[in-house]
Structures are given as structure tokens and as C-alpha cells.
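Topology and contacts: notes
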Amino acid sequence: MPRLPAPPDAPFHQFLTSAAFPVQQLESDLKASLSQAIHALFGAAVPAAQLTIQPTRKEFAGTFTLVTFPLTKALGKGPEQIGQALGEWLTANDARVSGYNVVKGFLNVEIADAEWLRQFSLLGQQPGVADKPQRVVVEYSSPNTNKPLHLGHLRNNFLGYSVAEILKATGATVSKVNLVNDRGIHICKSMLGYLRFGHAETPESAGIKGDHLIGKYYVLFERHYREEVAQLTAEGVDPKIAEKQAPLMQDAQQMLRQWEAGDEEVVSLWRRMNGWVYEGHNATYAAIGVDFDKFYYESDIYLLGKERVEEGLQKELFYRKDDGSAWVDLTADGLDEKILLRSDGTSVYITQDLGTAELKYQDFGYDSSIYVIADEQNYHMQVLKATLHKLGKPYAAGIQHLSYGMVDLPSGKMKTREGTVVDADELVREVIAAAKAATLEKGKTEGLTEAELESLYEMLGLGALKYYLLKVDPKKRMLFNPEESVRLEGDTGPFIQYSHARIASILRKAAEEGVVPDADHTGLSELHPTERDLIQELAGYSKVVAEAARTQSPAVVAQYAYDVAKAYNRFYTELPIFVEPDPARKAFRVALSAQTAQAIKASMALLGINVPERM
RNA sequence: GGUUGUGUAGCUCAACUGGAUAGAGCACCUGACUACGAAUCAGGAGGUUUAAGGUUCGACUCCUUACACGACCA
């Protein structure tokens, strides 16, 4: 079965290798040492790249683990024997290795405290990354202007924002764009609903947010339309025909034609109503803290793309059927034949997508263009990419579909017609209210002003919601449980925020006591295992960011932020800071706390989550 | 019907891309506030990774087949 051409190397892979982060350097140095050891001990040439090295599991001593099974054939020795010999050699010849242990075919390598302290001293200055910054466009949100945003949009918005921030953190130049679907039959439906049932009300007169007002008329249209269809069907009309013949649908179609013809009255109503929706959507964006560098409006670009089809026809890459419609044959790519223009010359969805891809390329000259779109469009996106590829467009290779799974409710799928759609504005209000209630109950916020409290509740409520939606692998369909989404214990946003607030409290106290955290700590004799674990966790930051960028998965960052917070909380309960008699060690622990706070703050920022100084 | 994704503890999710005894959170049980913030920490219990085959030193991961659920294309 023919497949799509293999995509070129992921454009972000260079971020993994182009800069040597201290821990990654350590890892590759270690591989080189191992390769050298194999040569010295066994006289065999095994390149460093061939060695499988992995982090040591928690229950064993050590940091890195070499799996020796794959070496047995080449070296003609048993796995344990190999491990012993290599471990001994490393300990004797590599100053950074302080010891080793062998369990079956696993050589666990222990790293010296001096090296950990060196790693610690380098934490603040991890370099920005790419040699040649990638130019990336991330398209996300892309709402219809006939209703307010819902839970599904929230996953989309949080993902898009976060992935953009993650890519920025790797040194890419990122533009966030929003392609607003502001025309078409669904828009006419809400307009018609408004004309028939709206009594000229406005967001001001009704006291309703603009997007919700329009949504109301869209729903009203649908309800009356269903009634008409039911009526016709009862009169014996075939249901499919009834759906087309219903007067409301006929009128909506007529309105769409008028809109396309530029009918002044229709267009001016459309402007007015869309204005209300934009205002409503923008208020939601501001409330949830996402932003865009550029808005595209479908009404401006829906005619684009026809030239691309013409181009393909001229080059004989596409073909016409007898009825005059234009098609592309993608069967060689494992896809189908796909219509690109109808026989009357009008566009289909893919037509304008071809045009927009080109437009975005003209505007941004991107190396890659990411579309944050639900996985129901997987096929469509494959077609888009393959078609552009067939046209020989250089930018086709950079097109990537960040495909994410739908959000389900405990009751099942969200369905507009069954009224089970979770409204974004309402949900945001609820999580903030829950955060407020919990904060008041804890009663630890005295001294904060009313305004500071309000912004704290928002921070915590949104922190809970964003973390909840982002911690799941984007590719996977997920279940939204309202009670769990506002939880603040365990693997949650507020848990991490709490850890930050507690560190902030430590740092305030340290400042009062005059402890200087940014001293040179390399003179410390020996590290406590818990301190070592924490340093190791902190040193992993840039690797995690690179991994998240490569896989376009904020979940990786969420997991990291949680791990850091957990490692710190353990450190916090196990080791006293201010009771510590040795001033050098006390200063070190304060410094460790400060670095942890930074790691938490930075990784949470990549998720679009702010962290408080107290809560 | 065709294509495709998913299936892991009671529930929600991980598992560094083929490595050690499959890990977290919630819920349940047991401990720790007179030390720096208990939105915390330590511990216990909980698994035939949907099923059956196969590949190999080694499989949640790769390959068959079946089952369940979802999406898309007609």
C-alpha cells in the first residue's frame, strides 16, 4: 500500500543537538568514555552513538545506566562481566564518575558530587538554543462567529498558546495566528435567527455578552428550522428533501447569496453582528490569557486558492471532469481523489485552505506552519499537505497538523443539540469561584489587597483548568471531569503553584536573615541524596523543553513541572534550611530553593500558567 | 464497506520510543504540624498492560488475527 512520502526530519530536531546543555554534555561525554573503555578493555570499536544509555531507575544508586546486553555478541563476554569491567574502568579514568554498581545487564554509573555542584552552578545560564532560528506559524483557536467558545476550544487554545511558547523557548521565531471563520451558511443562520426573533436587541440592551447573544439566535434558528423539517416530514416529504426545502433554510441560502453579492443590508447586518462576536471572543481570550499576532478572516480569504487550482490544472497535476469540476488524484499517496472546485466554479473547504497556506507563507516565510486542529480533520489535513506537495510548493513539507483528541464529558460526547456543551466563559467563572472558596477556607492570604486577591483566584482557577487540560498527551482523547478539574491536591496546577508560593516564603525569610544565595557553592564537601536528586531534576529543564518542542506536547512540560515540585517538597520536609548550622550549606539550600522556584515559574509559563508569591 | 486512531490499578493519566520488580494522582487504609506554609510529606493495599499467537537475550512498546470504542471517507 503506497504511503505518504516520509516527512523530512522534524524541523525541531536541531534544537536537541545544536547546543550542548550541561547535562546533555555530561551524557555524551560519558558515552564517549564508555566507547573508549570498550576499546581499551576489549579492543573492540563500538561508536558512542551505538550505546544505549538511559536514566537510572529510582530504586538503584546512580544517574545513568548502560544496558550491556547488546554488547555481549560483539565483545564475547557476559553482560555482568562487561558491566563490571566498564564500571571499574570508568571509576578509575573519568573524574566525574564516583562509583558504579551492576545489576544483571545494567551498569549503573554514579556521578560525583563535584560534578553535580558544577551542574548546579550552570543552571542560571542555560543558553538559548538554535543556530538558525526556525520561523514558525502556529494557527490555533479559529472559532466560528456564530457562537461562544466552549470546552473544546479551551483545549485548542491552551495547546496552541503553550506550543507556541515552548517553541519560542527553543529559540524559534513564532507567530500565533487565528483564522476566524466569519462567513458561510452557519453565520447566515444566526443572522436570520436574529432578524426573525431578535427584536433588534443588542448586547447592551439584553445585558448579554455579544458571542452569547449571537449563539442564542443560532440556537433559535436551529430549533425553528427543526420544527419546519418535522412539519414537512409529517406531510409526507422525504426527510432529506425536507431539510433543503424548509423555508428557513431556503432563506438562509438566499442570504448567503446576497452576502456573496455584497448586498448592502445583509453585509451591514453581518458587520454589526460579527462585531459583537469578536468583542465577546476577545473578552474570553483576555480572560484565559491567550493572544495572537495576527488575525485572518475567512471573509477576506475565502476566494483565495482558485489560482492554486488553476496552477495545478495548467501543470496537468490536477484534472477536470466532464462536468467542469476540478480534482486531484492522491491515490498514489494512499489517499483518494479529491474535489478542488465545484462544477459551477465555487470553492470547497480545501480550496481556501490551499490559498491560505500560500498567504501565510507570503506573510511569514515560515519553515513550518502548525495547525492546531482536532483529530476529526486528520484526513483533510493529509489531503491539504499532499495536494500542496503535488503542486511542488516548497512550504508543503513544513505543514504540520497538531492533531488533538476531542474532550468528552462523564456523560459522553458534547453535543450542541442535546445542550451538553460546556461553555468556556461559564467554566472559567466556576473554576475561579472554586479557587476562591478553597483559598478562603485555607485562610493564608492576610495582607493581600482586594485586587491582589481577585487576581490570585484567577491565577489559581485558571492554573487548575489549564494544567488539567494540558497534562494529557494532546493526541489522546480525554475525559473532562468537572470535579477533578478544580481539584488542588496531587497532580494539579495549584499543587505546583503552592510549591512555588512556599518557596517564595522561604526566600522572603532568607532575605530577612541576610542569607546570600548566589554565592559559590562548589566548595561544599558532600551532597545529601535528596539535594542531588533535586539538582538532577533542575538540570533536566532544557532537555524537557527540547523534547516538548520536538513532540509538540505541553504534557511533557506539565509532567516536568510536577516532578520538580515533588522533588522540592521532599527536599523541603527532609532537610531543614534555617536550622542548618553550617552557613555555607544553609546558603546552598536557599540557592537550591531559588533555582527551583525559577524552574517552576519558567515551566509553568510555558503552559500559560502564572505562579503566585503567596496563596 | 474502506482508511485510521485508541484500549494500561476501581477512576483519571504516565512509562525517556525495545530494557531492570509497568509508575503517579484521586478514592481506600496507616503514620507525621511545638522546626521554614499540612493546598505538604512518608508508608500500605491495588496489574495476566482487551484476548490469542509471533519476532528476541528482553515486548505496554514491533508483526499477525480477533474483540471493544471513536473519528474520517463514501
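Secondary structure summary: chain A contains 24 helices and 14 strands in total. Its C-alpha atoms give chain A principal-axis dimensions of roughly 90 × 65 × 40 Å. Among the 615 residues that make up chain A, the fraction classed as buried is 51%. Put simply, of all contacts in chain A between residues at least 6 apart along the chain, 73% involve residues at least 24 apart. Carbon together with sulfur atoms contributes 51% to the accessible area of chain A, which is approximately 28,600 Å² in total.

In a beta sheet, neighbouring strands pair by backbone hydrogen bonds and run either parallel or antiparallel. Overall, parallel pairing links the five strands, which are arranged E7-E6-E5-E11-E12 in an open sheet. Strands with a single pairing partner mark the edges of an open sheet, and in this sheet they are strand E7 (294–297) and strand E12 (399–404). On average, each strand axis in the sheet is inclined to that of its neighbour by 25°, with strand direction left out of account. Across the sheet, helix H6 (residues 151–169) touches strand E5 (135–139), strand E6 (173–180), strand E11 (368–374) and E12, and the angle it forms with E6 is around 160°.

Quick look at the environment of alanine 548 now. You can see alanine 548 is positioned in helix H22 (residues 541–551). Its relative accessible area of 1% is what places alanine 548 among the buried residues. The sequence separation of alanine 548 and leucine 167 amounts to 381 residues, and the corresponding C-alpha distance is 8.5 Å. Setting aside its immediate chain neighbours within four residues, alanine 548 contacts Ile166, Ser553, Val556 and Val557.

Taken in spatial order, the four strands of this open sheet run E1-E2-E4-E3, and their pairing is antiparallel. The sheet is open, and its two borders are formed by strand E1 (53–55) and strand E3 (97–103), each paired with just one other strand. The mean angle between the axes of side-by-side strands here comes to 30°, regardless of whether they run parallel or antiparallel. The pairing of strand E2 (residues 64–67) with strand E4 (residues 106–111) spans four bridges and is antiparallel. In the strand pairing of E4, valine 67 is matched with phenylalanine 106. Lying on the sheet, helix H4 (residues 79–93) is in contact with E2, E3 and E4; it crosses E3 at an angle near 175°.

Looking now at helix H2 (residues 22–42). A rise of 1.5 Å per residue sets the reference length of H2, with its 21 residues, at 30 Å; its end C-alpha atoms lie 30 Å apart and thus fit the reference within 8%. Those residues of H2 not exposed but buried are Pro22, Val23, Gln24, Leu26, Glu27, Leu30, Lys31, Ser33, Leu34, Ser35, Ala37 and Ile38. Just downstream of H2 lies glycine 43, where phi reads positive at about 70°.

Quick look at the protein's contact with RNA strand B now. Residues in close proximity to RNA strand B total 58 residues, the closest being Phe106, Lys444, Arg487, Arg502 and Phe578. For RNA strand B, the fraction of protein-proximal atoms (within 4 Å) that sit in sugar or phosphate groups is 62%. At a separation of 2.8 Å, a phosphate oxygen of RNA strand B approaches a polar side-chain atom of arginine 57. Arginine 570 is positioned such that a nitrogen or oxygen atom in its side chain is 3.3 Å from a phosphate oxygen of RNA strand B. Sorting the residues of the surface near RNA strand B by element identifies E1, E2, E4, helix H17 (424–442), strand E14 (478–479), helix H20 (493–513), H22 and helix H23 (554–574) as the ones contributing at least two each. Take the surface near RNA strand B: its biggest share by element is seven residues, from H20. Here the surface near RNA strand B is built from residues that sort into 23 nonpolar, 10 polar and 25 charged.

A full pass over the atoms with the stated rule returns 35 salt bridges. Aspartate 363 is the salt-bridge partner of lysine 294, the closest N and O atoms lying 3.8 Å from each other. One end of the pair, lysine 294, is in strand E7; the other, aspartate 363, is in helix H15 (residues 349–364), with 69 residues separating them in the sequence. When the shortest N-O distance is used, the salt bridge between lysine 586 and glutamate 513 registers 3.6 Å. Here the residue lysine 586 occupies a position in helix H24 (residues 583–606), and glutamate 513 occupies one in helix H20, the gap between them amounting to 73 residues. Assessed through its relative accessible area of 39%, glutamate 513 is described here as partly exposed. What emerges from the salt-bridge pattern is a single network uniting Arg308, Glu311, Lys315, Glu358 and Lys393.

Right, let's get into the environment of leucine 470. Along the polypeptide, leucine 470 turns up in helix H18 (residues 450–470). Accessibility expressed as a relative area gives 1% for leucine 470, which makes it buried. Leucine 470 sits 161 residues away from valine 309 along the chain, and the two C-alpha atoms are 38 Å apart. The contacts of leucine 470, once residues within four sequence positions are left out, are Phe158, Leu159, Ser162, Pro554, Ala555 and Leu607.

What the rule picks out here adds up to 20 aromatic pairs. Both rings, one in phenylalanine 69 and one in phenylalanine 106, keep their centres 5.8 Å apart while their planes meet at 85°; by these two values the pair is edge-to-face. Remark: phenylalanine 106 occurs in strand E4 and phenylalanine 69 occurs in the loop between E2 and helix H3 (72–75); sequence separation between them is 37 residues. With a relative accessible area of 28%, phenylalanine 106 lands in the partly exposed category. With centroids separated by 5.0 Å and ring planes inclined at 65°, the aromatic side chains of tyrosine 285 and phenylalanine 292 adopt a geometry described as edge-to-face. For the pair tyrosine 285 and phenylalanine 292, one class covers both residues: buried. Put simply, the rings of Tyr140, Tyr278, Tyr285, Phe292, Phe295 and Tyr297 pair up and form one aromatic cluster. A cation sits over an aromatic face here: lysine 321 above tryptophan 327, 3.7 Å from the ring centre.

Basis of the calculations
- Residues numbered from 1 in each chain as written.
- Chains lettered and ligands numbered in written order.
- Predicted model: local features only at pLDDT ≥ 70, side-chain atom pairs only at ≥ 80, totals over all residues.
- Heavy atoms only, no water.
- Helix = DSSP H or I, 4+ residues; strand = E, 2+ residues; numbered from the N terminus.
- Buried < 20%, exposed > 50% of the residue type's maximum accessible area, 1.4 Å probe, protein only.
- Contact = heavy atoms within 4.5 Å.
- Areas by Shrake-Rupley, 256 points an atom, 1.4 Å probe, with all protein chains shown as cover.
- Pairing = 2+ DSSP bridges.
- Axes fitted to C-alpha atoms, helices over the stretch in contact; angles between N-to-C directions.
- Expected span 1.5 Å × (residues − 1).
- Near = heavy atom within 4 Å.
- Polar contact = N/O pair within 3.5 Å; in protein donor to acceptor, adjacent residues only side chain to side chain.
- Nonpolar A, V, L, I, M, F, W, Y, C, P; charged D, E, K, R; others polar.
- Salt bridge = Lys/Arg side-chain N within 4 Å of Asp/Glu carboxyl O.
- Phe/Tyr/Trp six-rings, centres within 6.5 Å; stacked < 30°, edge-to-face > 60°.
- Lys NZ or Arg CZ within 6 Å of the ring centre and 35° of its normal.

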